[in-house]
Amino acid sequence: MKNKRILLALMTASLIVGCSSAPKKVEPVDLRPKSHEVQEVESTSSTETMLRASGKGSTVEAALDDARKAAIWFLLNAGDKPMLKTAEERNNMARFEQELYGSYDRFIRFTSDLKSKKKVGESTVVEVLVRIDVQMLRDYLQDKQVISSTSDLVDQVGLPSISIVASDSSGNVDVAKNTVGEYLTDRSFEVNVVEQSGKLNDLIGKVAKLSGNVDPAYAWALESGSDVYIDVKSNTQLGEVSGVGTKKASVTAKAFETSTGRQLAATTGHSSERASSGYDSLIQEAANDVADKLISQIRKAWLEDAAKGKSFKVVVFTTESQGSQVDAAVYGALKSVASGTVKRLAAGKSTFQYQLKVKDVANAFDLMEKLNGKYRGPGELKREMESGTLLVLKAGSGDIEINVE
Amino acid sequence: MKVAVIACTLSVLFAANVMAETALQNDDSQRKYERKVQMELADIGMESRRVTSPIIYCSTDDQRCSPRGIWTFEVNKALEAKAAAELLERLAGKRYDLLAIKSDSISITSLSETVDVKANIAPFSFDTGSYDSFKRDVDKYLDAQIAPLLGSVLIKAKDARYQELPDKEKATFLSDIAKETSVPADVIGKLMNSAFVFSFYAHESGGSITITRLSLGGLPVFNISFSVSMRVKVLIHRFDAESGKFVVYDEIVGESGSSSASDRVVGVFPIQTSQDNLFERAYMTAAKAAGIHANTKLKEDDNFSIFGTIDEVDGRYFYSNMGENEDLRIDAPYTISQTTDNGKQQTGWSKVRAVADSDLYKTSPGEYRSQFQLVDGAMEYKDQLREVPWTGVFFNIGGGTLPYTLEKIDQDPAAGGGSMGGLFLGVKMDLGYMFNKAAFSEKWLALDLFLGAGGEDISRNGVVTHTAPTISYYGLSVAHRYNLGSGLYTGFNYGYGGIDLNAVGKNGAAEIDVKSGAFKLGANLGYMFSPTTEIFANVDYYEPVASTAEQKDAPTANADVVGGWAALVGVSFHIRSIGSLASMMR
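Residues numbered from 1 in each chain as written. Chains lettered and ligands numbered in written order. Predicted model: local features only at pLDDT ≥ 70, side-chain atom pairs only at ≥ 80, totals over all residues.

Some details on the nonpolar core
The biggest cluster of nonpolar side chains holds 91 residues, and the ones touching the most others in it are Leu87, Phe200, Val232, Tyr283 and Ala290 of chain B. Of all the elements, helix H6 (residues 276-298) of chain B adds the most residues to this core, at 12 residues. By size, the runner-up hydrophobic cluster in this structure holds 72 residues, among which are Ala176, Ile230, Phe312 and Val358 of chain A. (Core = buried A, V, L, I, M, F, W, Y, C linked by C-beta atoms within 7 Å. Buried ≥ 20, exposed ≤ 12 C-beta atoms within 10 Å, placed from the backbone. Helix = DSSP H or I, 4+ residues; strand = E, 2+ residues; numbered from the N terminus.)

This is the structure:
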């Protein structure tokens, strides 16, 4: 009987405890931003970006938090250069969203006083300027393996060397070239702002002509020996605000792989409309904008291909009589060192062009070293010129003239 | 007489609006005051230096008044300059830096210092003339002397994106322009923030003099009251960068109201030559009152009003990051608004309770904030504040009762009077605002006048001797007000005045005046519809003292009078033209 009482007491107790401690269903708090209205203002430096972000909440404080989160969201998902570029990266991010938005403050370097406040029904909508440490955010994403780290690849193949050239010759474009150059240098690129004055190397001119590219900017880029060249153009425009004359400028830039002529990136940057009698400051502003947009595109395209090896263009001159033998022998030699297929470009009876990717080769000089033992054709291979990823050779025996067919 | 004063108030709006990027700017919901520069081209032009004032002479002996000639005063150069300074101070205050153009130099007054620099800008000059001629001269002066300089400076500033230059480069830029224009760099720096110029001009002032003869202890005593009215027109020009000229932006008028000063002469009838000081005091009070009135109208324009935001909330109090630099005053009302889909909506209003010291702005900018109290409505963090044009002075009108019951005349039992109904008129002013002192916050000084009738006939020894009694009360009181929220307030007041009961004699008897001093103590309750309109109800206890009864051809007799509870309801309207009360404004 006593045992029964104890048992009954225990059952009652467990029922009470069980009921009282029944797990409550706790809805997870969604920390993601409600607002997605963000406008990029400017890249304040190579690692920081200023945005005007809108936020929504039941109080001003909540709306302010939402605006700051929205600024982070914008850099991750929207704009001209979202950090999450692929579906896979966006999926990866889903796992870390709560963590990221739960501690977003660490990425924010500055939040302005409110720029706007509006009541919409029961909610408050605010706008603020937010400056975000983009580099820190990128590092976080790489650390979490949301996006792949490019540092290993960079260590392996290095960042591309970049030449900055201009198709037009207006005075304004020099300002744009220099500004883009400064920006890229600040981001660790090896940059050469090409003067485009003086006499172009004769052989380079012939090679450029051989490629069918008559743009002098391309020839200057070839001569500079860079991996990538950026062709910059500037435009200016007059306007009027409240009866006051204004000016604005835009800068368009296209980036190409020098060896292949493949376009890697293209974008346009704009200045604000200002009451100013000169264009220099406006061009600078637009050029900063364009450099910021361009840089992530170049980096992405370059590093994606970097794993497959570095691209080279090889131009071979020989005599008509030895043409077919030299062509076959050079092609064979190139195939033996290439990491993929070797493309044969436009060819004549005595002039041949090839395009290939080679791993573990830093420049055309190294490529020449590799080819030396592989050539099985008539005569020998002689280096006529090398510039970055361009290698110009003479192959065969006897007097070989350099003529563009 | 005409008085002309010209001053230029230069704001940052033009340069900033055109040059700053839209994305970096606050919108209308978060507007904030940007410090402006006022350029003073001080000169007083006068249509006539004469102030002609008719004299009214009154005597208490026979209680009659009559005209007694005209006095004419001249406004000399020294008074001219003092009046100009007073007008400018009222229109500018601490919220502007001052740039005064003199004959061979320009003085720059900022919050911290005044610096004189040599300059070759010709000063504005206007002696006397009509408003049209004054306006023409101002136009001509601005377009000839200021516009070319301002235009070239602004254009160069735009070229250099001046607003965005680092401080060091700004200094170099100013120095270069200074060399080019032969205008000191400090002056150029002030001109950079330029767009509006306002000049003000006073129309002909009227004067009037009342001399009242009193009999005190056998010697004749003369009270002199000198009133001057001044009307000031403020002409605002805006610099049009496109045409490179100044265009008229607005015209406003400031009225002083009747502004008085008084004096007393014993023994001999006052003469004009000894009253220059009195004239000067009255004239300066009028200039001050006109400046105050013009300023309230100027503040209706968003370009010249103070805006701020609520930067911290603490119950019914809140703080905003502004203070002495923006010329905030104790008890000054500020509206609170929010922006919604339907535009800007006022949600409430508040009053300044503590003004941040300007020294804090330099030493601890984070603590540079003033305290406000919510008076009515609602507010939340980052709501918009806007200054309400205000003088702190109200006109009261209402009705009620006044108890005044006669019990004895000499040793004879008497009766009459009682609780009489009537009209209440008065003026009240917020001493916190007038003196700009927190210790006086919500202390209201009132000047009261009550005119009543309808009391019981006066009887002496049981015989009705006088009928149809009327009563008047005039006095001063101070009220301490406590805001209860939702526009309601309560408080208590105390004061002292004089009561005069007058009744018509019966059966040929002379009329009787029963007079007393009277202390009063009471409580009040009110509701403010807005910072400028309110209703109130007072309950006051009156205690008559030192009562006397006077009848013609009879010696003055002592009287016993009892007071009692009085009730009063009324409405108060804010007034902008405050006349003589301007002399109290600090």
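With respect to the sheet that holds strand E13 (residues 351-358) of chain A
Residues and elements named next belong to chain A. The mixed open sheet is built from five strands, whose spatial order is E12-E13-E11-E15-E14. Lying at the two open borders of the sheet, with one neighbouring strand each, are strand E12 (343-344) and strand E14 (380-387). Packed on one face of the sheet, helix H12 (residues 364-372) meets strand E11 (310-317), E13, E14 and strand E15 (390-396) and runs near 170° to E14. (Pairing = 2+ DSSP bridges. Contact = placed C-beta atoms within 7 Å. Axes fitted to C-alpha atoms, helices over the stretch in contact; angles between N-to-C directions.)

Digging into the confidence of the model for chain A
Residue and element names in this part refer to chain A. On average, residues of chain A score 79 in pLDDT, and 82% of them are at 70 or above. Per-element averaging of pLDDT across chain A places helix H1 (residues 2-20) at the bottom with 53 and helix H2 (residues 60-77) at the top with 92. With pLDDT under 50 throughout, residues 17-22 is counted as low confidence; its partners more than four residues away or in other chains account for zero contacts. (pLDDT = per-residue confidence, 0-100.)

Side note on the environment of Ser260 of chain B
Residues and elements named next belong to chain B. The residue Ser260 is located in strand E11 (residues 259-266) in this model. Since 20 C-beta atoms lie within 10 Å of it, Ser260 is described here as buried. Taking the C-alpha atoms as reference points, Ser260 and Asp27, 233 residues apart in sequence, are found 46 Å from one another. When sequence neighbours within four positions are dropped, the list of residues in contact with Ser260 reads Ser225, Phe226, Ser227, Ala282 and Ser580.

What to know about the pairing of strand E25 (residues 512-530) of chain B
All names here are of chain B. Note that strand E24 (residues 488-505) and E25 share 16 bridges and pair antiparallel. Across the sheet, residue Leu501 finds its bridge partner in E25, namely Val514. Taking the residues that link successive antiparallel strands as the turn, the E24-E25 hairpin has six residues, and the phi of Asn507 there is positive, at about 55°. Where E25 meets strand E26 (residues 533-551), 17 bridges bridge the pair, whose relative direction is antiparallel. Within the sheet, the bridge partner assigned to Gly522 lies in E26 and is Asp540. In this antiparallel pair of consecutive strands, E25 and E26, the connection spans two residues.

A look at the domain arrangement of chain B
Quoted interface sizes are often the accessible area lost when the parts come together. All names here are of chain B. Split by domain assignment, chain B resolves into domain 1 (3-22 + 34-298), domain 2 (306-387) and domain 3 (393-584). Between the C-alpha centres of domain 2 and domain 3 the distance comes to 38 Å. Where the side of domain 2 that touches domain 3 is concerned, the elements lending two or more residues are strand E16 (343-354) and strand E17 (370-377). (Domains from an automatic or database assignment.)

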